[in-house]
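Spelled out, the chains give:
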Amino acid sequence: SQQGEEDPQALSIQEGENATMNCSYKTSINNLQWYRQNSGRGLVHLILIRSNEREKHSGRLRVTLDTSKKSSSLLITASRAADTASYFCATVTNSGYALNFGKGTSLLVTP
Amino acid sequence: GAVVSQHPSWVICKSGTSVKIECRSLDFQATTMFWYRQFPKQSLMLMATSNEGSKATYEQGVEKDKFLINHASLTLSTLTVTSAHPEDSSFYICSAAGGPSTEAFFGQGTRLTVV
């Protein structure tokens, strides 16, 4: 069942600006993952953050996790037009390892 | 990273016919694979968990007799949409993961259009 809820639903920024997307979830998790999807394509894994971690970095990506608030954020710094895509958070609970996806944030980066 | 190959990438079929979608893990053994469905501008909804050598586990509201899943080997899971109808038109994506604390690898997805 769907658990994550992202906001905003859509975000439009200019190249060079930072983009922040937030994700909230409802139940306890084992880990939370962020994925990117270009229109009509499969998903690409970005970052996995475990429930005992608070922050992770990967290149221009920074993910935070606050288990007390059941929320996570994805920050893309110095955005590029090529970052235009939909971004989804997905949670994995301790009872299985199916991904439960949020509704996603549609990011548009204009040159 | 690991590669999951999904085939076909798109298919158009007539109402009432059946369509089979294949999901292969190319460089690792996947005892468990997952099938998702995504409607336009919506998120991915888990349909079922495919377990090698045993019956699939379906999510609530997903008809197991309509969406037949077979996971006969550690590298192949298939989803067959039986007696397809226009409302089954959607984007179907499979994924495989090595375990609960590892990333999942997704196939390229299959866009099914039923006319």
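In this text, all values refer to a predicted model and were calculated from it rather than measured experimentally.

Draft legend 1. Looking closely at a nonpolar patch on the surface. Residue and element names in this part refer to chain B. Together, Trp10, Ile12 and Val115 make up a nonpolar patch on the protein surface, roughly 370 Å² of accessible area in all. Tracing the sequence through the fold places Val115 in the segment after strand 11 (110–114). The class for Val115 is exposed, based on a relative accessible area of 56%.

Draft legend 2. Spotlight on the state of the cysteines. Residue and element names in this part refer to chain B. Under the definition given, this model contains 2 disulfides over all chains. Here Cys23 pairs with Cys94 through a disulfide, and the sulfurs are 2.0 Å apart. Linking Cys23 and Cys94, the disulfide has an S-S dihedral of approximately 85° and is accordingly described as right-handed. Remark: Cys94 occurs in strand 9 (residues 90–97) and Cys23 occurs in strand 3 (residues 19–25); sequence separation between them is 71 residues. With a relative accessible area of 0%, Cys23 lands in the buried category. You can call Cys94 buried: its relative accessible area is 0%.

Draft legend 3. Highlighting the sheet that holds strand 7 (residues 61–66) of chain A. All names here are of chain A. Here 5 strands make up an open sheet; going across it, the order is 1-3-8-7-6 and the pairing antiparallel. Single-partner strands in this sheet number two, and they are strand 1 (5–7) and strand 6 (55–58). Adjacent strand axes in the sheet meet at a mean angle of 15°, parallel and antiparallel pairs treated alike. Strand direction decides the pairing type here: strand 1 and strand 3 (residues 19–24), joined by 3 bridges, are antiparallel. Looking across to strand 3, one finds that Glu6 is bridged to Cys23.

Draft legend 4. The pairing of strand 4 (residues 32–38) of chain B, seen in detail. All names here are of chain B. The element strand 4 is extensively covered by neighbouring structure, given that 7 of its 7 residues are classed as buried. With burial as the criterion, each face of strand 4 is covered, one bearing Thr32, Phe34, Tyr36 and Gln38 and the other bearing Met33, Trp35 and Arg37. In this sheet, strand 5 (residues 44–51) lies alongside strand 4 in antiparallel orientation, the contact comprising 7 bridges. Bridged to Gln38 within strand 5 is Leu44. Pairing of strand 4 with strand 9, which is carried by 6 bridges, proceeds in the antiparallel orientation. Residue pairing for strand 9: Tyr36 is matched across the bridge by Ile93.

Draft legend 5. Looking closely at unusual backbone geometry. All names here are of chain B. Here the residue pair His7 and Pro8 is connected by a cis peptide bond, since its omega of 0° sits within 30 degrees of zero. Turning to its location among the elements, Pro8 is positioned in the loop between strand 1 (4–7) and strand 2 (10–13). Located in the positive-phi region is Lys41, a residue other than glycine, with phi close to 60°. Its place among the elements puts Lys41 in the loop between strand 4 and strand 5. With a phi close to 45°, Ser83 is a non-glycine residue in the positive phi region. Tracing the sequence through the fold places Ser83 in the loop between strand 8 (76–81) and strand 9. Using a relative accessible area of 33% as the deciding quantity, one classes Ser83 as partly exposed.

Rules used throughout
Residues numbered from 1 in each chain as written. Chains lettered and ligands numbered in written order. Predicted model: local features only at pLDDT ≥ 70, side-chain atom pairs only at ≥ 80, totals over all residues. Heavy atoms only, no water. Patch = residues over 30% accessible without salt bridge, like charges linked within 9 Å, V, L, I, M, F, W, Y side chains within 5 Å. Areas by Shrake-Rupley, 256 points an atom, 1.4 Å probe, with all protein chains shown as cover. Salt bridge = Lys/Arg side-chain N within 4 Å of Asp/Glu carboxyl O. Helix = DSSP H or I, 4+ residues; strand = E, 2+ residues; numbered from the N terminus. Buried < 20%, exposed > 50% of the residue type's maximum accessible area, 1.4 Å probe, protein only. Disulfide = S-S within 2.5 Å. Pairing = 2+ DSSP bridges. Axes fitted to C-alpha atoms, helices over the stretch in contact; angles between N-to-C directions.

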